[in-house]
Amino acid sequence: MSQERVSYLDNASYSPMDPRVLEAMLPFFKESYGNPSSPHAKGSEMKAALEGARSKVASLVGAERPAEIIFTSGATEGINTALRGVAARNRDRGNHIVASAIEHVSVRNVLKYLSKNGFEVTYVPVDSNGIVDVDAVRRAVTEKTVLVTVMYANNEVGTIQPIKEIAEIAHSKKAYFHTDATAAAGKIPIDVVREGIDLMTVSSGDMGGPYGVGALYVKRGTRMEPLIIGGGQEGGLRSGTENVAGIAGMGMAAELAKAEMEVEGRRLSEIRDGIISRVLKGIPHAFLNGHPTRRLPGNVNLRFSFIEGESLVLSLDMEGIEVSSGSACSSKTLEPSHVLIAMGIDHAEAQGSLLISLGRRTTKEDGIRLTDALPNIVKGLREMSPIAPPEVR
Ligand code: PMP
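Owing to the predicted nature of the structure, the values given are computational and were not obtained by experimental measurement.

Visitor: Tell me about the overall build of the chain, and name the residues and values.
Guide: On a plain count of helices and strands, the chain comes out with 11 helices and 13 strands. Relative to the compact-globule value of 21 Å for 393 residues, the chain shows a C-alpha radius of gyration of 22 Å, a close match. Its C-alpha atoms give the chain principal-axis dimensions of roughly 70 × 55 × 30 Å. Residue burial in the chain is summarised as follows: out of 393 residues, 55% are buried. Contacts in the chain between residues at least 24 apart in sequence constitute 73% of all its contacts with a sequence separation of at least 6. Accessible area for the chain stands at about 17,100 Å²; split by element, carbon and sulfur atoms hold 54% of it. Charge centroids of the chain, computed over 44 positive and 47 negative side chains, lie 4 Å from each other.

Visitor: Let's hear about helix α4 (residues 105–115): which residues, and what values?
Guide: Turning to α4, its buried residues number three or more, namely Ser-106, Val-107, Val-110, Leu-111 and Leu-114. Mapping the buried residues of α4 onto a view down its axis gives an arc of 135°, with all of them on the same face. Looking at the buried residues of α4, the elements they touch are α3 (75–89), β3 (96–100), β4 (120–124), β5 (145–149) and β6 (176–180).

Visitor: Tell me what's going on with the site of the ligand, and back it up with residues and numbers.
Guide: The environment of the ligand is made up of 11 residues, and the closest members are Ala-75, Thr-76, His-104, Ser-106 and Asp-180. A distance of 2.6 Å separates an oxygen atom of the ligand from a polar side-chain atom of Thr-76. At a separation of 2.7 Å, a nitrogen atom of the ligand approaches a polar side-chain atom of Asp-180. Protein contacts shield 82% of the accessible area of the ligand, which totals 390 Å² for the unbound molecule. Looking at the shell around the ligand, its residues break down into 4 nonpolar, 5 polar and 2 charged.

Visitor: Explain the confidence of the model for the chain residue by residue, including any values.
Guide: Per-chain confidence: the chain averages 96 in pLDDT, with 97% of residues scoring 70 or above. Within the chain, the element-level pLDDT minimum falls on helix α10 (residues 347–351), averaging 91, and the maximum on β6, averaging 99.

Visitor: Got a sec to walk through the packing of aromatic side chains? Specific residues and values, please.
Guide: Considering all chains together, one arrives at 1 aromatic pair under this definition. Its guanidinium or amino end placed over the ring of Tyr-113, Arg-84 lies 4.7 Å from that ring's centre, counting from NZ or CZ. Taking the ring centre of Phe-119 as reference, the NZ or CZ of Arg-91 above it sits at 5.4 Å.

Visitor: So what about the sheet that holds strand β7 (residues 199–203)? Which residues, and what values?
Guide: Pairing is mixed across the open sheet formed by 7 strands, whose spatial order is β2-β8-β7-β6-β5-β3-β4. Looking at strand neighbours, the two that pair on one side only are β2 (69–72) and β4, the edges of this open sheet. Averaged over all pairs of adjacent strands, the angle between their axes in this sheet comes to 20°, without regard to strand direction. As paired strands, β3 and β4 are joined by 5 bridges and run parallel to one another. Bridge pairing links Ile-97 to Val-121 in β4. Sitting on the sheet, helix α2 (residues 41–61) touches β2, β7 and β8 (214–218), and the angle it makes with β2 is about 115°. Across the sheet, helix α6 (residues 163–172) touches β5 and β6, and the angle it forms with β6 is around 150°.

Visitor: So what's going on with the sheet that holds strand β13 (residues 353–357)? Which residues, and what values?
Guide: If you trace the 4 strands from one edge of the open sheet to the other, you get β9-β10-β13-β12, paired in antiparallel fashion. Either end of the sheet is taken by a strand with one partner, and the two such strands are β9 (286–288) and β12 (324–325). By the bridge criterion, 2 bridges tie β12 to β13 in an arrangement that is antiparallel. Residue Ser-325 lies in a different strand from β13, and its bridge partner there is Leu-354. This element, helix α8 (residues 309–318), spans β10 (299–304), β12 and β13 of the sheet and lies at about 45° to β13.

Visitor: Tell me about α6, and please be specific about residues and values.
Guide: Buried residues of α6: Ile-163, Ile-166, Ala-167, Ile-169 and Ala-170, and no others. End-on, the buried residues of α6 take up no more than an arc of 160°, which puts them together on one face. For α6, the secondary structure elements touched by its buried residues are α5 (134–140), β5 and β6. At the C-terminal side of α6, Lys-174 shows a positive phi close to 65°.

Rules behind the numbers
- Here the residue index of a chain counts from 1 through its sequence in written order.
- Given that the model is predicted, a residue must reach a pLDDT of at least 70 before its local features are reported, and side-chain atom pairs must reach 80 or more before they are shown or counted; all residues, however, enter totals for whole chains, interfaces and linings.
- Side-chain figures throughout are based on the complete set of non-hydrogen atoms in the structure, without hydrogens or water.
- Helical segments are the DSSP runs of H or I of at least four residues, strand segments are the runs of E of at least two, and each set is numbered from the N terminus.
- We take the radius of gyration over the C-alpha atoms and set the globule estimate at 2.2 Å times the residue count to the 0.38 power.
- The cut-offs for exposure are 20% and 50% of the maximum accessible area for each residue type, with area from a 1.4 Å probe on protein chains only; residues under the lower value are buried, those over the upper are exposed, and the others partly exposed.
- Any two residues having at least one pair of non-hydrogen atoms within 4.5 Å are treated as being in contact.
- For every accessible area listed, the method is Shrake-Rupley and the probe measures 1.4 Å; residues are considered covered only by the protein chains on display.
- Charged residues are defined here as Lys and Arg on the positive side and Asp and Glu on the negative side; His and the ends of the chain fall outside this count.
- Charge positions come from single atoms, namely NZ of Lys, CZ of Arg, CG of Asp or CD of Glu.
- What the arc describes is the spread of directions from the helix axis to the C-beta atoms.
- Throughout, the term near means that a residue has one or more heavy atoms lying within 4 Å of the molecule or strand in question.
- N or O atoms within 3.5 Å of each other form a polar contact, as long as, within protein, one can give a hydrogen and the other can take it, and as long as residues adjacent in sequence are counted only when both atoms are side-chain atoms.
- Each residue receives one of three labels: charged for Asp, Glu, Lys and Arg, nonpolar for Ala, Val, Leu, Ile, Met, Phe, Trp, Tyr, Cys and Pro, and polar for the others, Gly being one of them.
- For every residue, the pLDDT score states the predictor's confidence, bounded by 0 at the bottom and 100 at the top.
- Pairing of aromatic rings covers Phe, Tyr and Trp, the last counted by its six-membered ring, and requires centre-to-centre distances within 6.5 Å; plane angles under 30 degrees mean stacked, over 60 mean edge-to-face, and any other angle means tilted.
- Comment: the charge-over-ring label is applied if NZ (Lys) or CZ (Arg) is within 6 Å of the ring centre and within 35 degrees of the ring normal.
- At least two bridges found by DSSP between two strands is the condition for calling them paired.
- Every angle, taken between N-to-C directions, lies between 0 and 180 degrees, and every axis is a line fitted to C-alpha atoms, over only the stretch in contact when it is a helix.

If you want it as structure tokens, here you go:
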């Protein structure tokens, strides 16, 4: 078998952990132990580690007070806590929620659950680049709206949303604003205070920390109920003895992301733009999904007419290049991505999409390897495609 290096370009599905994060976690599996709620020295040491990590996450997102950061088991839990917690506590004020049409399934399914339990959800559309229609948000929000939820950046097409404007609209009707920043946190600057964010979900894994850990920013004074009830840890919003090793890892990942964001963002944007321009110039009937400039530095989403993304993924894999089709989280299903459909792309075209997500370990050579391999693969698949017109075969 070939020992050739694999080009891993599927960081939106899973980001490998930074080795410096592992170093920060190791002491908590070896010599450091204790319950952070215990008053003795070992407990205090753990408490200090917990609070240190809290300050680092707070600093990454611009939170005024570290206590506004609640550690969770990941983005899905953060989203459940935010959406269900705010809905339950504010039911007396109204039963209406506004969300974008391109939210991640972890938000969509919570909204589905809430709509079966007395809430009404209005989904606002996006334009062909995946930007949320701000005027539609303005029309959707009413006195009955208790929550507006719009993701900071989309995990499939990388489009970055006008968060500040949307938060202002939510506040004009006294609704809370939540954003799922799983795909954006640690990649692009976020300032919860300046942008008027009340609740924000962040995951550790997606920013180079361990998976199974996350954080929820909850602005002080936000009326909400906890999802997990017990010993009252995390300000009463998330009970249970804390995963200190994982949280310390997340703290380190947040610190590194903050320190390296600018340089890393520039490096990845350059690789991203190189891939996009080589593909669009070199392959006929190839298109970019998502906004040309308002997009995450590591996101490339391309569409190739007359072929299936799944076949592209398998062909690239045989050449040692690992990418994802359609959506990084749901490529197991053969359904086309709801994000691409919401952007007005038809089903057959959406099926021909490829998600290439870059990360800390991605090099320029990985990008070149991809764009060297793609033209022949695309040509070969089109030659076999029953739906390709003769002139493209
Ligand atoms: N939101 C977005 C935008 C995501 O990309 C993901 C998956 N990485 C999630 C939520 C859910 O994250 P997790 O599976 O880590 O809970």
